[in-house]
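# What the coordinates show
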Amino acid sequence: NIKQFITTIVEMAKENLDTLFIAYTHLQHAQPTTFAHHLMAYANELRRDCERFYDTYKRVDISPLGAAALTTTGFPINRQRTAELLGFSEVMDNSIDSVSSRDFVAEAAFDYAMLATTLGKIADEIVIWSSYEFRMVECSNAYSSTSSIMPQKKNPDIAELARGKSTVAYGELMTILSMLKAIPHSYNRDLQELTPHLWNTVDNTNDILKIVHGMVATLTINKERTKQLASANFATATELADIMVREKN
């Protein structure tokens, strides 16, 4: 899960506090940093992804039971008690809203789409970093394959597949939002079509999470190469300018 991935990243960062690395803007050499610093950017992104799920849960953890078809029931039910028995924290206030609202589906799909964005970004950087031109990392053989014709190649196929599959959540989110658009209150049969799209979003993104977690955990860092890149192409020019200002005014 996300928390386990964050734990793995933090442990890797602890081991790379002194591993020189080059930071990029516009995919151009910007400033030297450490690999730990870059890894912790991932950790912070994933933390926000995790926080979004916790926040969404507050709007999922509400019982609609007792709304009946749409105008409640004449039977003397105890909605608070049924919510408690089912494990909900509270009940929905309006029965029409209870029957027709599916915004929690869209919100959950959005949370997964944002998580997929983070995972796709990580996968994309692994593809770039493992190229011959960069040579900053090497993927484990378990997450690589050879070319179908060129025997010298080691392709980051799993990173590419993860990057590609990260877009599935976007399509499902747009489908869910399109289904919800302009549906009148209260229940419409369209609403039952939402569920398969949510499950596909959940299953696909959870698969990518496991794959990217394993891929990052087994990366080999080419520390000599990252040190070389961090020292090249006037990467320290900004700090030199700052020193001139601070010390020489």
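Reading the values: the criteria
Residues numbered from 1 in each chain as written. Predicted model: local features only at pLDDT ≥ 70, side-chain atom pairs only at ≥ 80, totals over all residues. Heavy atoms only, no water. Helix = DSSP H or I, 4+ residues; strand = E, 2+ residues; numbered from the N terminus. Rg over C-alpha atoms; globule rule 2.2 N^0.38 Å. Buried < 20%, exposed > 50% of the residue type's maximum accessible area, 1.4 Å probe, protein only. Contact = heavy atoms within 4.5 Å. Core = buried A, V, L, I, M, F, W, Y, C linked by side-chain atoms within 4.5 Å. Pairing = 2+ DSSP bridges. 1 Å grid on protein atoms, 1.4 Å probe; cavity = no way out; pocket = protein on both sides within 12 Å on 5 of 7 lines; lining within 4 Å. Points joined across faces, edges and corners; volume = space filled by probe spheres on them. Nonpolar A, V, L, I, M, F, W, Y, C, P; charged D, E, K, R; others polar. Salt bridge = Lys/Arg side-chain N within 4 Å of Asp/Glu carboxyl O. Lys, Arg positive; Asp, Glu negative; His and termini not counted. Polar contact = N/O pair within 3.5 Å; in protein donor to acceptor, adjacent residues only side chain to side chain. Phe/Tyr/Trp six-rings, centres within 6.5 Å; stacked < 30°, edge-to-face > 60°. Lys NZ or Arg CZ within 6 Å of the ring centre and 35° of its normal.

Take the overall build of the protein next. Helix and strand counts for the protein come out as 10 helices and 8 strands. For the protein, whose C-alpha radius of gyration is 24 Å, the value lies well above the compact-globule estimate of 18 Å for 249 residues. Here the C-alpha coordinates of the protein stretch approximately 80 × 60 × 35 Å along the principal axes. By residue count, 37% of the 249 residues in the protein fall in the buried class. Intrachain contacts of the protein at a sequence separation of at least 6 include 71% that bridge at least 24 residues.

Take the nonpolar core next. Judged by nonpolar contacts, the single largest core of 38 residues is most densely connected at Phe5, Leu46, Leu119, Ile126, Trp129, Met136 and Val212. Residue assignment for this core shows that the elements contributing at least two residues are helix 1 (2–15), strand 1 (20–25), helix 2 (35–60), helix 5 (103–129), helix 6 (157–165) and helix 8 (194–217). Counting residues in each nonpolar core, the second largest holds 14 residues, with Ala106, Ala109, Ala169 and Leu194 among its members.

Two elements, strand 1 and strand 2 (residues 28–34), share 6 bridges in a ladder whose sense is antiparallel. Bridge pairing in strand 2 links Ala23 to Gln31. Linking strand 1 to strand 2, which pair antiparallel, is a turn of 2 residues; within it His26 sits at a positive phi near 60 degrees.

The next thing to look at is the layout of surface pockets. When its volume is computed, the largest pocket comes out at roughly 430 Å³. Every residue lining the largest pocket is counted, 18 residues in all, and those nearest its centre are Ser130, Ser131, Tyr132, Val137 and Lys154. Secondary-structure elements contributing two or more residues to the lining of the largest pocket are strand 5 (137–138) and strand 7 (154–155). Class assignment for the residues of the lining of the largest pocket results in 6 nonpolar, 7 polar and 5 charged.

What follows is about the pattern of salt bridges. Going through the model one piece at a time under the given rule, you end up with 11 salt bridges. For Lys121, the salt bridge is made with Glu45, and the minimal N-O distance between the two is 2.7 Å. One end of the pair, Lys121, is in helix 5; the other, Glu45, is in helix 2, and 76 residues separate them in sequence. Classification of Lys121 as partly exposed rests on a relative accessible area of 40%. A salt bridge links Asp55 to Arg59; the shortest N-O distance between them is 2.8 Å. Of this pair, Asp55 and Arg59 both sit in helix 2, separated by 4 residues, roughly a single helical turn. When salt bridges that share partners are traced, they join Asp55, Lys58, Arg59 and Glu107 into one network.

Structurally, Asp61 can be placed in the loop between helix 2 and strand 3 (62–63). At 11 Å, Lys58 is the nearest oppositely charged side chain to Asp61, a buried residue that forms no salt bridge. Only 2.3 Å separates the side chain of Asp61 from the side chain of Ser89, close enough to count as a polar contact.

All told, the structure shown has 5 aromatic pairs when counted by the stated rule. Taking the centre distance of 5.1 Å and the plane angle of 80 degrees together, the rings of Phe21 and Trp129 count as edge-to-face. Taken as a pair, Phe21 in strand 1 and Trp129 in helix 5 lie far apart in primary sequence, 108 residues in all. Comparing Phe21 with Trp129, the two get one shared label, buried. Centroid distance Phe53 to Tyr112: 4.7 Å. Interplanar angle 70 degrees. Geometry classified as edge-to-face. Placement of Phe53 in helix 2 and of Tyr112 in helix 5 is noted, with a sequence separation of 59 residues between them. An aromatic cluster is built from Phe21, Phe35 and Trp129, whose rings are joined through pairwise contacts. In this structure, Arg135 packs its charged tip against the face of Tyr132, placed 4.4 Å from the ring centre.

The values are spatial; any link to function lies outside them.
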